[in-house]
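# Examination of the molecular architecture
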Amino acid sequence: MNDSIIAVIWTLTCAFLVIFMQAGFAMMETGFTRAKNAGHTMAMNMMVFVLGVLGYWICGYALQRGGEGFFLSGAASDASIIMIFLSQVVYLNIALTIPTGAMAERWTFKSFVVYVFFIAMFVYPLYASWVWGGGWLSQLGGNFGIGHGVLDYAGSSVVHMVGGVTGLAGAIVLGPRMGKYRANGTPTAIPGHHIPMAVVGCMVLFFGWFGFNAGPALADGGLRLGVIVVNTMLAGVAAAVAAMCYVWFMYGKPDLSLITNGLLGGLVAISASCAFVSPVGAIVTGLVAGVLCCTSVFFVERKLKVDDPVGAVSVHGVCGAWGMISLGLFADGTYGDGLNNIAGMVKGLFYGGGLQFVAQVIGVIVNFVFVLAVMYLFFKVLDRIVPLRVSEEVEFEGLDQNEVSVTAYPDFSITKTRR
Amino acid sequence: MKKIEAIIKPIKLDMVKDALNAIGIRGMTVSDVHGFGRQKGHVEIYHGAELDIAFLPKIKIEIAVSDIMADKVISTIREKAKTGNIGDGKIFVAKLDEAIRIRTSERGETAI
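Residues numbered from 1 in each chain as written. Chains lettered and ligands numbered in written order. Predicted model: local features only at pLDDT ≥ 70, side-chain atom pairs only at ≥ 80, totals over all residues.

### Focus: the overall build of chain A
- Scanning chain A for helices and strands turns up 14 helices and zero strands.
- Secondary structure elements of chain A, listed N to C terminal, follow the sequence α-α-α-α-α-α-α-α-α-α-α-α-α-α.
- Here the C-alpha radius of gyration of chain A, 21 Å, is about what a compact globule of 419 residues would show, namely 22 Å.
- With respect to the three principal axes, the spread of C-alpha positions in chain A is 65 × 55 × 40 Å.
- Each of the 419 residues in chain A was classed as buried or not, and the buried ones make up 56%.
- Here the analysis covers contacts within chain A between residues at least 6 apart in sequence; of these, 78% occur between residues at least 24 apart. (Helix = DSSP H or I, 4+ residues; strand = E, 2+ residues; numbered from the N terminus. Rg over C-alpha atoms; globule rule 2.2 N^0.38 Å. Buried ≥ 20, exposed ≤ 12 C-beta atoms within 10 Å, placed from the backbone. Contact = placed C-beta atoms within 7 Å.)

### With respect to the overall build of chain B
- If you tally the helices and strands in chain B, you get two helices and six strands.
- Sequence-ordered secondary structure for chain B, helices as α and strands as β, is β-α-β-β-β-β-α-β.
- The C-alpha atoms of chain B give a radius of gyration of 17 Å, which is well past the 13 Å a tight globule of 112 residues would have.
- With respect to the three principal axes, the spread of C-alpha positions in chain B is 60 × 25 × 20 Å.
- Counting every position in chain B, which comprises 112 residues, the buried fraction comes to 16%.
- Excluding contacts between residues fewer than 6 apart, the proportion of contacts in chain B whose partners are at least 24 apart in sequence is 68%.

### Quick word on the interface of chain B and chain A
- Taken together, the contact pairs twelve residues of chain B with 14 residues of chain A.
- Those elements that place two or more of their residues in the side of chain B that touches chain A are β3 (42–46) and β4 (49–53) of chain B.
- Ranked by the residues each element gives to the side of chain B that touches chain A, the list is headed by β4 of chain B, at five residues.
- Here the residues of the side of chain B that touches chain A are counted per class, giving seven nonpolar, three polar and two charged. (Nonpolar A, V, L, I, M, F, W, Y, C, P; charged D, E, K, R; others polar.)

### Here we look at the confidence of the model for chain B
- For chain B, per-residue confidence averages 93 on the pLDDT scale, and 100% of positions sit at 70 or higher.
- Reported confidences for the modelled complex are a pTM of 0.91 and an ipTM of 0.72. (pLDDT = per-residue confidence, 0-100.)

### Remarks on the environment of G89 of chain B
Residues and elements named next belong to chain B.
- Mapped onto the fold, G89 is located in strand β6 (residues 89–95).
- On the basis of neighbour count, G89 is assigned to the buried category, with 20 C-beta atoms found within 10 Å.
- Expressed as a C-alpha distance, the spacing of G89 and R78, which sit eleven residues apart in the sequence, is 9.5 Å.
- Setting aside residues up to four positions removed in sequence, G89 forms contacts with A6, I7, I8, K9, K58 and A81.

### Here's the deal with helix α4 (residues 109–131) of chain A
- In this model α4 of chain A runs 31 Å from its N-terminal to its C-terminal C-alpha over 23 residues, within 8% of the 33 Å that 1.5 Å per residue would give.
- The largest bend in α4 of chain A amounts to roughly 45° and is located at I119 of chain A. (Expected span 1.5 Å × (residues − 1). Bend = angle between axes of the 7 residues up to and from the residue.)

The following block contains the structure:
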């Protein structure tokens, strides 16, 4: 076999692993929500993939690649490059499925369908084109001399921040679930109904993440493959340990739900920097991500008073931003020659490359402002046309039968008294 | 006849049942119930937020007994269900007007 065939097979193998992450998200989100909404949460996780692929096929892919390939026609359908569509669409779908966690248990399915098409066709492709498609953020180095421009190896910002910030916008517009905040404004816990399923979901995501981060590794010869997978592993475990210790110290017990959040936060963070940092850099990235994830969960819930049932805003939004910045801090100058057409290795702030840090911060700010503004406005406008929130009765009864015509657990009586 | 209703800690059910069997009680009805007493439940932490456990899980035992057995049953439950800590539960005793065995239509104490 020649090298290009090996590259195709590797890229597709990783893409298939990333497809399996959809199962991880479905299990995690459904496990962390209540039994009466399990069918609805599963339905969103399944259909976000289905509808997202279609929207990306119509025009998202073309927008990301600078305007060629609408409906995968023309040059984009060439047998030698058509597989790029598959390797890209799986990243899109991770971004799309993140907000279904932050907006779970109260979102009408009608407006959900409109949301998927909108973000898959326009919002995700635009930001992705700015960073991955040769757009202005990637050219900050060439045009303004700011390091190598914004770098995001596997998608801390392109995928995870887009999803996390969209989830934040959606959760703000939707408002908290009934009973989430007491009359005096303090939050109460609404426990998920199937923690073992959520933990298996986390493990599935951990597994799939190796495809997520290592997928692009053969594009430049594959020499960094080992670094990428080891860094991914290290950051994930460091974040889980950090989250465990932090919660243990704060509340006297290592809260399993926050440990799973922390682990994923570490994986989100290392996605941007996995090819650029040393193992020590990966560990530090993970440790910070684990603590950051927990403190962010508390901040979002207590200070912002935004109800995010699964912690998606903190895991993907906040840790995604941290991942971008960690690249700007810990890139150790052993990789990145020629990226975005800039000669020389990528160096972070701690290795004498302050400008790369600036580029990463610009990427984070642009992502946050652009995605939050566009998605907040979109949800506000959509709410006028297709109401975002289910009625109080439906929310109390559960969204399953009312929204998606199934009851996830018909043989069990689901308690209506909270205890 | 008396109807004895005891709300006890779930962990004590087996001991209470065995002790009541040993003194000759031949039937009881048991339910999973939830409730609170003077402590009004307690608070746990889940995902960093306070989780109000307003209704604690308890076991409710219902037994119909003859008047002469009542005191013995009450003292047995009291002895076996006691831990000495908060939340041990309560025993309620009420007068029972009638008991009927559906299969044979026997009435009164012979139906218990």
